[in-house]
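# Coordinate analysis (summary)
So you can see what is in the structure, the chains are spelled out below.
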Amino acid sequence: MTKKQMALVGNPNSGKTSLFNELTGSNQSVGNWPGVTVEKKEGKLKKNTDIVLQDLPGIYSLSPYTPEEVVARDYLLEDNPSGMLNIVDASNLERNLYLTTQLLELGIPMILSLNMMDVVEKKGIRLNEEKLSYSLGVPVVKMSVARKEGLTHALVEIDKLFVHGRIPDFPLYDNRLEVALSEISELLPDSIPIHQKRWYSIKLFERDQTVCSRNIMPDNVKKEIEDIISMTEEIIGDDSESIIINERYNYISQVVSLCCVKETDYKLSMS
Ligand code: BGO
């Protein structure tokens, strides 16, 4: 019987290794990813050995600048995992959600694990996971791996994902950018699966070298896409890569302001 694959993704120091060890125990195998000296770890869940958790290297983004980013991005795009467990350090939510915005564009069902909730509580921050879940369109699990809290809830969400996991909606950005992205999406070849069209549109808009060099389109279409990008750069007044970065941060700050309250602010507004 083929195993069900689930990717474990997150920034370095988010608690990914701690979570991987808690969920898989001694059911682990370690090797290297082909062609690179990046460690490859996978493990069967202790509570359900039909599910294999693929521990991806800790990364800050899916830009192909480091071997770790390349490994993670290739796996997520080409190995068709059924879902991903995205672990974020909730005590640095704004910074950690940057990777999440990119993961949401890959067309893979996601569970968001808000780790380090013990630190969040000590900092006096209230995090509303229902609002976060609603804003991002994915199930959210609060946890503290250090205190072994939230692990059972994560396992329940993993089981649910294999029954009725859905591809999340991707974040929507500035209208002028959205027009460009939908025009690029229309020009993509049929060989790109529908659920990956958003990812490819954004990567082409950013002039991502790995995607551009793949020659997935004839020259006249490449030219049309370049015209769309240049025109949008002129309208917004910035280069395409910065446009995407700024839009991601705008989106994140809206989400965080909706879901996060500092207890000191709360007390101030009550007094
Ligand atoms: C050290 N809460 C708290 N407070 N800490 C956590 C939690 C949590 O929920 N989860 C993990 N940590 P990794 P990556 C350490 O190693 O799993 C801690 O990179 C130390 N080490 O224990 O390695 C975890 O795989 C000395 O901390 O993350 C670890 O994603 C002093 O977060 C760190 C203090 O976890 C990173 C901590 C020698």
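Here goes a summary of the coordinates provided. (Residues numbered from 1 in each chain as written. Predicted model: local features only at pLDDT ≥ 70, side-chain atom pairs only at ≥ 80, totals over all residues. Heavy atoms only, no water.)

### Observations regarding empty space enclosed by the protein
Scanning all chains against the criterion turns up 1 cavity of 30 Å³ or more. Taken as a whole, the largest cavity encloses approximately 30 Å³ of empty space. Lining of the largest cavity is provided by Leu97, Thr100, Thr101, Leu104, Leu136, Tyr251, Ile252 and Val255. Each residue belonging to the lining of the largest cavity can be placed in one class, and the counts come to 6 nonpolar, 2 polar and no charged. (1 Å grid on protein atoms, 1.4 Å probe; cavity = no way out; pocket = protein on both sides within 12 Å on 5 of 7 lines; lining within 4 Å. Points joined across faces, edges and corners; volume = space filled by probe spheres on them. Nonpolar A, V, L, I, M, F, W, Y, C, P; charged D, E, K, R; others polar.)

### Some thoughts on the site of the ligand
Taken together, the neighbourhood of the ligand is formed by 15 residues, with Asn13, Lys16, Thr17, Ser18 and Asp118 sitting nearest. Taking Thr17, its side chain carries an N or O atom lying 2.4 Å from an oxygen atom of the ligand. Here an oxygen atom of the ligand and a backbone polar atom of Val145 are 3.0 Å apart. Alone, the ligand offers 760 Å² of accessible surface; in the complex the protein occludes 51% of this. Those elements that provide at least two residues to the shell around the ligand are helix H1 (16-24) and helix H4 (117-122). Of all the elements, H1 adds the most residues to the shell around the ligand, at 3 residues. For the shell around the ligand, the per-class residue count stands at 5 nonpolar, 8 polar and 2 charged. (Near = heavy atom within 4 Å. Polar contact = N/O pair within 3.5 Å; in protein donor to acceptor, adjacent residues only side chain to side chain. Areas by Shrake-Rupley, 256 points an atom, 1.4 Å probe, with all protein chains shown as cover. Helix = DSSP H or I, 4+ residues; strand = E, 2+ residues; numbered from the N terminus.)

### With respect to the nonpolar core
With 59 residues, the main nonpolar core has Leu76 and Leu114 as its most contacted residues. Here this core takes 7 residues from helix H11 (residues 240-259), the largest share from any one element. The residues that make up this core include at least three from each of domain 1 (4-164) and domain 2 (175-252). When residues no more than four places from it in sequence are discounted, the contact partners of Leu76 are Ala7, Leu56, Leu62, Pro81, Met84, Leu103, Leu106 and Ile108. Leu8, Leu19, Ile51 and Leu155 belong to the second-largest nonpolar core, a separate cluster that totals 19 residues. (Core = buried A, V, L, I, M, F, W, Y, C linked by side-chain atoms within 4.5 Å. Buried < 20%, exposed > 50% of the residue type's maximum accessible area, 1.4 Å probe, protein only. Domains from an automatic or database assignment. Contact = heavy atoms within 4.5 Å.)

### Observations regarding the packing of aromatic side chains
For the coordinates displayed, the defined rule picks out 3 aromatic pairs. Seen in terms of ring centroids, Trp33 and Tyr75 are 5.9 Å apart; in terms of plane orientation they differ by 70°. Their pairing is edge-to-face. Here Trp33 is found in the loop between strand E2 (28-32) and strand E3 (39-44), whereas its partner Tyr75 is found in helix H2 (residues 67-78), with 42 residues between them in sequence. Given a relative accessible area of 9%, Trp33 falls into the buried group. Here Tyr75 falls in the buried class, since its relative accessible area comes to 4%. (Phe/Tyr/Trp six-rings, centres within 6.5 Å; stacked < 30°, edge-to-face > 60°.)

### Observations concerning the layout of surface pockets
The computed volume of the largest pocket comes to approximately 270 Å³. A total of 4 residues in the lining of the largest pocket trace back to one element, the largest contributor, which is H11. In the lining of the largest pocket, the residues fall into 5 nonpolar, 4 polar and 6 charged. Both domains that meet at the lining of the largest pocket, namely domain 1 (4-164) and domain 2 (175-252), each give it at least three residues.

### Let's talk about the pattern of salt bridges
This model, assessed by the stated rule, comprises 19 salt bridges. With a shortest N-O distance of 3.2 Å, Lys142 and Glu129 are connected by a salt bridge. In this pair, Lys142 sits in strand E8 (residues 140-142) while Glu129 sits in helix H5 (residues 129-136), placing the two residues 13 residues apart along the sequence. Its relative accessible area of 28% is what places Lys142 among the partly exposed residues. (Salt bridge = Lys/Arg side-chain N within 4 Å of Asp/Glu carboxyl O.)

### Section: the sheet that holds E3
The strand order E2-E3-E4-E1-E5-E6-E8 describes an open sheet built from 7 strands, whose pairing is mixed. Where the open sheet ends on each side, the last strands, each with one partner, are E2 and E8. Strand-to-strand twist in this sheet, taken as the mean axis angle between neighbours without regard to direction, amounts to 20°. Two elements, strand E1 (residues 4-10) and strand E5 (residues 83-89), share 5 bridges in a ladder whose sense is parallel. Residue pairing in the sheet places Gly10 in a bridge with Ile87 of E5. In the packing of H5 onto the sheet, the strands contacted are strand E6 (110-115) and E8, and the crossing angle to E8 comes to about 150°. (Pairing = 2+ DSSP bridges. Axes fitted to C-alpha atoms, helices over the stretch in contact; angles between N-to-C directions.)

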